[in-house]
Amino acid sequence: MTRPSPYVRRRWLGREVRRLRNEHGLAAEPLARAVGFPRQQLSALENGRRGPDIDLVSVICDYLAVGAIRRTAIMDAATDGWARGWWMADAERMGARQAMYADLESGTRAITEYALALVPGLLQTKPFADARLRSDPARHSETFDPVAAVAARAHRQRLLLAVDGPRYDVVLDEIAIRRCAADPHIVADQLRHIVAVCAAHPTVTVRVLPIDASIKGHSAPRSAYSIYRYRDTPDCLAVAADTLTSDLIYTEPDEVQPYLSLHSRLKAAALPPNISIHLLRVAAQDLSPIKGVSA
């Protein structure tokens, strides 16, 4: 089983410290003075953007007389926030965005995605991933290495499909199937790969959202996104919304809820898994026919 996501654990810890503060009616400045730490350090802890100051966390727990069970959970999160996942060693070569996704995927019990224009990375074949990663070199830093990025994507897929991997549920927009995001034979092999993965792994489910689907409320998804649920912190969810230049990460409940609501509507409008698989087979055969194979 993979370790908890350091990023998500830091964000959970920051939210828990704010909750403690509010329960005791304390603003940040008075609490920082009371425990003898700079206000900026407390802000950094509550923002969860970097490794937490474990001494500060411990002192806060002492000062606020946090109970043993809650204190253990808080201190465990502080320790987890410093963990260095496998992606850290090669983050520059694999790309900062992919490293962030690897972090978010760590320790998940379920990953739910909506893929708007491209097959999601966790289902991409090596040739398809390579074609996409090389398609727009201006988006990558000078240290980026497509070979390392493809290898990292393959490692993420192995973790997903491991015996103790998370459930993976994807709503794949028909646009992602019809658009020629690579050479036709590469796209066809990619679609057949999705069919094969679904057949071999019951934990993976793919539903195709037809272009002409009637979505409740006439919802119009504006971007691809991923929703993560975690084993160690079941009350904590994260959402990564894909944009052209970066990924927006949400962990606050009021930020996550709109995506949960939207996804329920998209899932309801999508084709059932068996019909979706048939559509993928037909699309692959149309792109690159295999003699003797019937869609």
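In case you missed it, the structure is sitting above this.
Residues numbered from 1 in each chain as written. Predicted model: local features only at pLDDT ≥ 70, side-chain atom pairs only at ≥ 80, totals over all residues. Heavy atoms only, no water.

### Some details on the side chain of S219
Part 1: With respect to the secondary-structure elements, S219 resides in the loop between β3 (204–209) and β4 (225–230).
Part 2: S219 sits in the buried class, given a relative accessible area of 16%.
Part 3: For S219, the side chain forms a polar contact with the side chain of R265, separated by 2.7 Å.
Part 4: Contacts of S219, omitting those with residues within four sequence positions, involve L262 and R265. (Helix = DSSP H or I, 4+ residues; strand = E, 2+ residues; numbered from the N terminus. Buried < 20%, exposed > 50% of the residue type's maximum accessible area, 1.4 Å probe, protein only. Polar contact = N/O pair within 3.5 Å; in protein donor to acceptor, adjacent residues only side chain to side chain. Contact = heavy atoms within 4.5 Å.)

### Topic: the sheet that holds strand β2 (residues 167–173)
Part 1: Ordered in space as β3-β2-β1-β4-β5-β6, the six strands form an open sheet in which the pairing is mixed. Whereas interior strands pair on both sides, the edge strands pair on one side only; in this sheet they are β3 and β6 (247–250). Each neighbouring strand pair of the sheet contributes to a mean axis angle of 15 degrees, computed without reference to strand direction.
Part 2: Strand direction decides the pairing type here: β4 and strand β5 (residues 237–242), joined by five bridges, are antiparallel. Paired with R229 across the two strands is L237, which belongs to β5. (Pairing = 2+ DSSP bridges. Axes fitted to C-alpha atoms, helices over the stretch in contact; angles between N-to-C directions.)

### Regarding the environment of L133
Part 1: Structurally, L133 can be placed in helix α8 (residues 126–133).
Part 2: Of the residues examined, L133 reaches a relative accessible area of 8% and is grouped as buried.
Part 3: Taking the C-alpha atoms as reference points, L133 and S264, separated by 131 residues in sequence, lie 31 Å from one another.
Part 4: Those residues in contact with L133, other than ones at most four positions away along the chain, are H140, F144, P146, A149, V150 and R153.

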